[in-house]
Amino acid sequence: MTATAEQPEKAVLLTPQVLEYVRGQLPPFTDVQRDLIDATLALGQVAEMQVPPEQGALLTLLARLTGARVAVEVGTFTGYSTLALAEGVGPGGRVITCDVTDRWSGIATAAWTRAGVADRVEPLLGPAAETLRGLPREQFVDLAFLDADKVGYLAYWEELVPRLRPNGLIVADNVLYAGEAAAPDAVGNARAIREFNDHVRGDDRVESVLLTVADGLTLARKKGPGER
Ligand SMILES: C[S@@+](CC[C@H](N)C(=O)[O-])C[C@H]1O[C@@H](n2cnc3c(N)ncnc32)[C@H](O)[C@@H]1O
């Protein structure tokens with residue numbers, strides 16, 4: 001089946017009013033979340049890298065829904081999505097989070113400590129492709145979240161899928177790249193994302209869906225043996 005643009009679309013235009021309403025449906029921020037958002041906003045333009053609150057809530061929910069005990073995150077920044085994953089894996093769970101820089105790790109670590117989840121978080125510093133290659137080559141990952149450099153997504157995917165347990169979930173952020181990934185002549189990061197999306201779609205190890213959440217979010221479930 002091929003879905004077409006002619007089929008009725010049910011998407012809602014995300015006006016400021018609608019977005020405010022959506023965010024009003026979320027549980028209230030904890031003090032730690034609020035302060036982490038404020039500390040990140042104080043950094044200026046880079047704050048736009050932080051996942052929006054509805055996506056944070058979704059990550060926590062997905063981790064709980066899948067019963068994830070081990071999560072791997074690519075792209076820590078100031079640690080908001082890490083915090084969401086750490087809440088989701090619960091006490092005794094692990095979140096391995098990779099970043100190429102420790103520039104923002106002070107903000108992140110302070111938030112994780114205050115939230116009482118620091119003992120679940122293992123920050124790993126370095127280019128993520130190398131970091132992921134260094135992880136055990138076993139199926140020990142329940143949930144992975146991709147949110148780093150877009151040209152690296154394909155390499156991260158190829159390192160993560162074999163380490164994902166059957167039924168495990170990969171969540172990839174920015175898969176619409178502000179809509180630019182939809183253009184056949186996309187260039188740069190948008191082109192990299194387009195190639196990543198094609199790769200995911202053609203990968204029979206997973207079943208996936210690309211959601212129009214935030215900047216586009218792909219959810220991919222690893223199939224079990226004999227499911228292909
Ligand atoms: C969009 S931000 C992550 C945002 C974070 N998930 C959050 O919600 O706060 C992307 C992060 O990826 C990191 N990054 C960029 N290239 C990387 C690489 N090659 N390996 C590891 N991390 C990288 C950046 O330093 C940055 O902190």
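Residues numbered from 1 in each chain as written. Predicted model: local features only at pLDDT ≥ 70, side-chain atom pairs only at ≥ 80, totals over all residues. Heavy atoms only, no water.

Novice: What should I look at first to understand the pattern of salt bridges in this one?
Specialist: Once the charged atoms of two side chains with opposite charge are near each other, the side chains can pair. Under the counting rule described, the total for this entry stands at 13 salt bridges. With a closest N to O distance of 2.7 Å, Glu207 and Arg221 form a salt bridge. Here Glu207 is found in strand 6 (residues 206–211), whereas its partner Arg221 is found in strand 7 (residues 217–222), with 14 residues between them in sequence. On the basis of relative accessible area, Glu207 is assigned to the partly exposed category, the value being 43%. Residues participating in the shared-partner salt-bridge network are Arg133, Arg137, Glu159 and Arg163. (Salt bridge = Lys/Arg side-chain N within 4 Å of Asp/Glu carboxyl O. Helix = DSSP H or I, 4+ residues; strand = E, 2+ residues; numbered from the N terminus. Buried < 20%, exposed > 50% of the residue type's maximum accessible area, 1.4 Å probe, protein only.)

Novice: Mind showing me how you'd approach the nonpolar core here?
Specialist: The nonpolar side chains of a soluble globular protein tend to be buried, and buried together. Core analysis: the largest hydrophobic core is formed by 28 residues, its most contacted members being Leu132, Leu146, Tyr156, Trp157, Leu160, Ile170 and Phe196. Contributions of two or more residues to this core are made by strand 1 (70–74), strand 2 (94–99), helix 6 (128–133), strand 4 (141–146), helix 7 (153–160), strand 5 (164–173) and helix 8 (188–201). The element that contributes the greatest number of residues to this core is helix 7, accounting for 4 residues. In contact with Ile170, other than residues within four places in its own chain, are Ala144, Leu146, Trp157, Leu160, Val161, Leu164, Thr218, Leu219 and Ala220. (Core = buried A, V, L, I, M, F, W, Y, C linked by side-chain atoms within 4.5 Å. Contact = heavy atoms within 4.5 Å.)

Novice: Would you explain a nonpolar patch on the surface in this entry?
Specialist: A contiguous nonpolar surface patch, about 310 Å² in accessible area, is contributed by Leu14, Tyr21 and Val22. Mapped onto the fold, Tyr21 is located in helix 1 (residues 16–24). (Patch = residues over 30% accessible without salt bridge, like charges linked within 9 Å, V, L, I, M, F, W, Y side chains within 5 Å. Areas by Shrake-Rupley, 256 points an atom, 1.4 Å probe, with all protein chains shown as cover.)

Novice: Help me understand the site of the ligand, please; the structure alone is not making it clear to me.
Specialist: In the neighbourhood of the ligand, 20 residues make up the surrounding shell, with Gly75, Ser81, Asp99, Ala128 and Asp147 lying closest. Within the contact set of the ligand, an oxygen atom lies 3.0 Å away from a backbone nitrogen or oxygen of Val51. Val100 is positioned with one of its backbone polar atoms (N or O) 3.1 Å from a nitrogen atom of the ligand. For the ligand, the accessible surface in isolation is 610 Å², of which the surrounding protein chains cover 89%. (Near = heavy atom within 4 Å. Polar contact = N/O pair within 3.5 Å; in protein donor to acceptor, adjacent residues only side chain to side chain.)

Novice: Please explain the sheet that holds strand 5 as it appears in this structure.
Specialist: Sheet strands associate in pairs through backbone hydrogen bonding, adopting either a parallel or an antiparallel arrangement. Ordered by their spatial adjacency, 7 strands build an open sheet running 3-2-1-4-5-7-6, and the pairing between neighbours is mixed. The two strands at the open ends of the sheet, each matched to only one other strand, are strand 3 (121–125) and strand 6. Each neighbouring strand pair of the sheet contributes to a mean axis angle of 15°, computed without reference to strand direction. Sheet topology note: the strand 4/strand 5 ladder contains 5 bridges and is parallel. Bridge pairing links Phe145 to Val171 in strand 5. Seen against the sheet, helix 4 (residues 80–89) touches strand 1, strand 2, strand 3 and strand 4 and runs at an angle of roughly 165° to strand 2. (Pairing = 2+ DSSP bridges. Axes fitted to C-alpha atoms, helices over the stretch in contact; angles between N-to-C directions.)

On their own, these measurements won't tell you what the molecule is for.
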